[in-house]
Amino acid sequence: MNELEQAGLARLRDGWISGGPAFELAPVEWKDIAAGADADEQERRLLAIAAQALDVALRPAAPKTLKRRPPLPVLALPTLPERLRPLLRGALKYAADARLKTRVATLVASRGFALHPMDWMPAASYPESPEVYALWVDWQAGADGEKQSRREQLTAETWDDFYPAARRTALVDLRRTMPALARTLIETKGASEPAEVRLALIELLRFGLGADDVPFLKSLSADRSGKVREMAGRLLARLGEHGNPADGGSQDPTAELAAFIEEGKSGFIRRRTTYAPIKLKSPAQQARRADLFASCFFGDLTAHFGKTEPDFIGAWQFGVDDNADRFLVLMVSVSGSDAAVACLADILIAEGGKPALLVLQLMLRLDSGRKRLLFRQILKDAQNLAVLNLVEGAEAGWLEWDDLTQGKTLSALRSAVAGDNDVMKRSAEQYLEAMGFLATPATAEKLIGDVVAAGLPPASPSLGLLRLNAALTENPSQSDR
């Protein structure tokens, strides 16, 4: 539509708005179409022309920034059944941030379903999405073309056919099933990648890490990136390969760290060696000790004292200095052996209370059994339930009803929802959200009935994830798949 026609259309509109005839105001071409009829019919014909012009000629143009995207990739899991989507949307609405919404998606994925893209999409900037959504993460990141939807085996030949998230998922799968093949791919294809990508690839070696990885990791001591060299050193330390490059020099950081630790004896008959942090005299000493704990390797420290890693952990005096305890746990989490991580987790979980919470720093290296022991310990004393909503790496759908009834958690929840303290009620509702993720379907159903009986309104949004969990049975029907 040209400018004259747009101006004519505007005059027609103004004429009709004022309540008068508009025939004389119409463009000449339009008059020709409407001519030959009585006055009323002329107005109706002009109105029809104007309506078509508005509908056809004045459609808004697409912004120039709009891009044509490839179709959304199809995921390996079936979409959540339509009948469950209202429950899902309720749970997502109650989840306060991207991390909690991702946890909802993780629960659903653990029961064998993917979410409908209109309900939830993983953010390209949030790497903790369930692995099944890797194709969507790449799609969100703007990857286009055909290769993002391909499903071949990852090999050196198909390496470039995978976008970053899908390639990461494929590599993790390979590390769990064929670790040598995955390591070879990382070694051959990763060498030409930029440092940031190379670092992310080397970090994947933590899956299925074994002695066969040692030669390659040692070869990275000549890598041009300091972060890659540091990552390789930590992975080697986990395998018992000692030798921080700076150790043994004139300014040996491990020896300097050891000077912050006091070796002692305990017991009257069987004199047992103990290790405890010395009392620091200044903030500068505190800062230096923190830096050394972060930069040294645990195996080097225990070797300095002539102890094995488990023996050193068993002799450490927890409770003397909370900061030192935390630094030690962080040190073990990044450079301790698997045996050291397991030993440390067992000691802290058995201790219970505040020390047990330090195990949260080890979550990414704990096996399923120890993770559940930790959570059961937290549920048993019900003193630190808030951490249930903060933990990364927790697993979905294992919490049994007995885990709640044998501890103090259930009674604490009942008291909170039955009382008149609004702060405690809000806290209890947040704990229910965490349990909605951890619980089995049967536990979720029982917990809903229990807290509603205690006084929580049945329509409370805090029950959303529990309701979804209860509806997502362990064995979905074939019609759901």
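Please refer to the structure higher up on the page.
Criteria and cut-off values
- Residues numbered from 1 in each chain as written.
- Predicted model: local features only at pLDDT ≥ 70, side-chain atom pairs only at ≥ 80, totals over all residues.
- Heavy atoms only, no water.
- Axes fitted to C-alpha atoms, helices over the stretch in contact; angles between N-to-C directions.
- Helix = DSSP H or I, 4+ residues; strand = E, 2+ residues; numbered from the N terminus.
- Parallel < 35°, antiparallel > 145°, perpendicular 65-115°, else oblique.
- Left-handed = near helix turned anticlockwise from the far one by under 90°.
- Contact = heavy atoms within 4.5 Å.
- Nonpolar A, V, L, I, M, F, W, Y, C, P; charged D, E, K, R; others polar.
- Phe/Tyr/Trp six-rings, centres within 6.5 Å; stacked < 30°, edge-to-face > 60°.
- Buried < 20%, exposed > 50% of the residue type's maximum accessible area, 1.4 Å probe, protein only.
- Lys NZ or Arg CZ within 6 Å of the ring centre and 35° of its normal.
- 1 Å grid on protein atoms, 1.4 Å probe; cavity = no way out; pocket = protein on both sides within 12 Å on 5 of 7 lines; lining within 4 Å.
- Points joined across faces, edges and corners; volume = space filled by probe spheres on them.

Caption draft 1: Layout of the packing of helix α5 (residues 98–110) against helix α24 (residues 464–471). Between α5 and α24, the least distance of the axes is 10 Å, while the angle of their chain directions is 10 degrees. The angle between the axes of α5 and α24 places the two elements in the roughly parallel class. Between α5 and α24 lies a crossing of right-handed hand. Contacts between α5 and α24 involve Val 104, Leu 107 and Val 108 on the former and, on the latter, Leu 465, Leu 468 and Asn 469. Broken down by class, the residue content of the contact of α5 with α24 amounts to five nonpolar, one polar and no charged.

Caption draft 2: Geometry of the packing of aromatic side chains. Enumeration over the complete set of coordinates arrives at nine aromatic pairs. Plain terms: the ring middles of Phe 293 and Phe 327 are 6.0 Å apart, the flat faces sit at 35 degrees to each other, and that makes the pair tilted. Placement of the pair is Phe 293 in helix α13 (residues 283–295) and Phe 327 in helix α16 (residues 322–335), with a sequence separation of 34 residues. Per residue, the accessibility class of Phe 293 equals that of Phe 327, and both read buried. Ring centres of Phe 298 and Phe 312 lie 5.9 Å apart, and the angle between their planes is 75 degrees; this geometry places the pair in the edge-to-face category. Of the two residues, Phe 298 sits in helix α14 (residues 298–304) while Phe 312 sits in helix α15 (residues 309–315), which places them 14 residues apart along the sequence. For Phe 298, a relative accessible area of 0% puts it in the buried group. Classification of Phe 312 as buried rests on a relative accessible area of 0%. Cluster of aromatic residues (ring-pair linked, three or more members): Tyr 275, Phe 298, Phe 305, Phe 312 and Trp 316. In this structure, Lys 31 packs its charged tip against the face of Phe 23, placed 5.9 Å from the ring centre.

Caption draft 3: Structural detail: empty space enclosed by the protein. For the structure on display, the rule yields one cavity of 30 Å³ or more. For the largest cavity, the calculated volume is near 30 Å³. Lining the largest cavity, in full, are Gly 352, Gly 353, Ala 356, Leu 357, Gln 377, Ile 378, Asp 381 and Asn 384. The set of elements that each furnish at least two residues to the lining of the largest cavity consists of α18 (353–357) and α19 (368–381). Partitioned by chemical class, the residues of the lining of the largest cavity number three nonpolar, four polar and one charged.

Caption draft 4: Examining the environment of Glu 128 more closely. Note that Glu 128 resides in the loop between α5 and α6 (134–140). The partly exposed category is assigned to Glu 128, whose relative accessible area is 49%. Considering only alpha carbons, one finds Glu 128 and Leu 413, 285 residues apart in sequence, at a separation of 30 Å.

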